[in-house]
Amino acid sequence: MTANDPPPNPTADNDWRDNGVRVIKSDQLDSNTAQTPGMSRAAAINAARVGAQKIWAGTVTIHPDAKTGAHHHGALESVIYVLRGRARMRWGEQLEFVAEAEPGDFIFVPPYVPHQEINASTDEPLECVLVRSDSEAVVVNLDIEPVEEPTTVHWVDPIHPQP
């Protein structure tokens, strides 16, 4: 189906009532998903819950002054949207790079990139929305000895030069 094709006839092949839009209430998230030490993930959208085939979405919470274990998400791309708190991301073979994000910022994590999420706040939780490019939650926890002093990286592209 392309954008120019007419929509399917709901009375012929689809039951839009039961197979259309789904609303997942905030108190109905499923914490029975792949976890990494130091954080709590909860699934909202996945294959099991809503029949999603190409996307996984949920929330992640990291307690004040806490950090996750190093991990990656296999071939999946991940997007993190910071709702509350201050996120410090470390990444690389020895978590040798670091950048920070605050509420309203997006973080992109490419496939197979070893990374670690850190709550940079000592007194408030870090709360984020997480979206991945497949309906299954892939988490590969890693045993990495991080460097002591990571290199700070600022996002730089042709439109947004380094601050």
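Above this text you will find the structure in question.
Residues numbered from 1 in each chain as written. Predicted model: local features only at pLDDT ≥ 70, side-chain atom pairs only at ≥ 80, totals over all residues. Heavy atoms only, no water.

S.K.: Can you explain the nonpolar core? Please cite residues and give values.
M.R.: General note: in soluble globular proteins, nonpolar side chains tend to be found buried as a group. One finds I80, V82, A87, I107, L126 and C128 to be the most contacted residues of the largest nonpolar core, which totals 15 residues. The residues contacting V82, other than those within four sequence positions of it, are A87, A101, E102, P103, G104, D105, I107, L126, E127 and C128. (Core = buried A, V, L, I, M, F, W, Y, C linked by side-chain atoms within 4.5 Å. Buried < 20%, exposed > 50% of the residue type's maximum accessible area, 1.4 Å probe, protein only. Contact = heavy atoms within 4.5 Å.)

S.K.: Could you give an account of the pattern of salt bridges, naming the residues involved and the relevant values?
M.R.: Under the counting rule described, the total for this entry stands at 5 salt bridges. Between R86 and E100 there is a salt bridge, with its nearest N and O atoms 2.5 Å apart. Here R86, found in the loop between β4 (78-84) and β5 (87-91), pairs with E100, found in strand β6 (residues 97-101); they are 14 residues apart in sequence, far enough to count as distant. Overall, the relative accessible area of 32% leaves R86 in the partly exposed class. It is possible to trace a salt-bridge network through shared partners that takes in R86, R88, E100 and E102. (Salt bridge = Lys/Arg side-chain N within 4 Å of Asp/Glu carboxyl O. Helix = DSSP H or I, 4+ residues; strand = E, 2+ residues; numbered from the N terminus.)

S.K.: Explain empty space enclosed by the protein to me, using residue names and the numbers behind them.
M.R.: Inspection of the entire model under this criterion finds 2 cavities of 30 Å³ or more. In this structure, the largest cavity occupies an estimated 50 Å³ of space. Forming the boundary of the largest cavity are M39, R41, V60, H73, S78, I80, V109, H115, E117, L130 and R132. Elements with a minimum of two residues in the lining of the largest cavity: β4, β8 (115-119) and β9 (126-132). Here the lining of the largest cavity is built from residues that sort into 5 nonpolar, 3 polar and 3 charged. (1 Å grid on protein atoms, 1.4 Å probe; cavity = no way out; pocket = protein on both sides within 12 Å on 5 of 7 lines; lining within 4 Å. Points joined across faces, edges and corners; volume = space filled by probe spheres on them. Nonpolar A, V, L, I, M, F, W, Y, C, P; charged D, E, K, R; others polar.)

S.K.: Provide a residue-level description of the pairing of strand β7 (residues 106-109), including the pertinent values.
M.R.: The two faces of a sheet get side chains in turn, since along a regular strand they alternate between them. Alternating positions in β7 separate cleanly, I107 and V109 being buried on one face and F106 and F108 remaining unburied on the opposite face. Looking at chain direction, β4 and β7 are connected through 4 bridges and run antiparallel. In the strand pairing of β7, Y81 is matched with F106. (Pairing = 2+ DSSP bridges.)

That is the geometry; function is a separate question.
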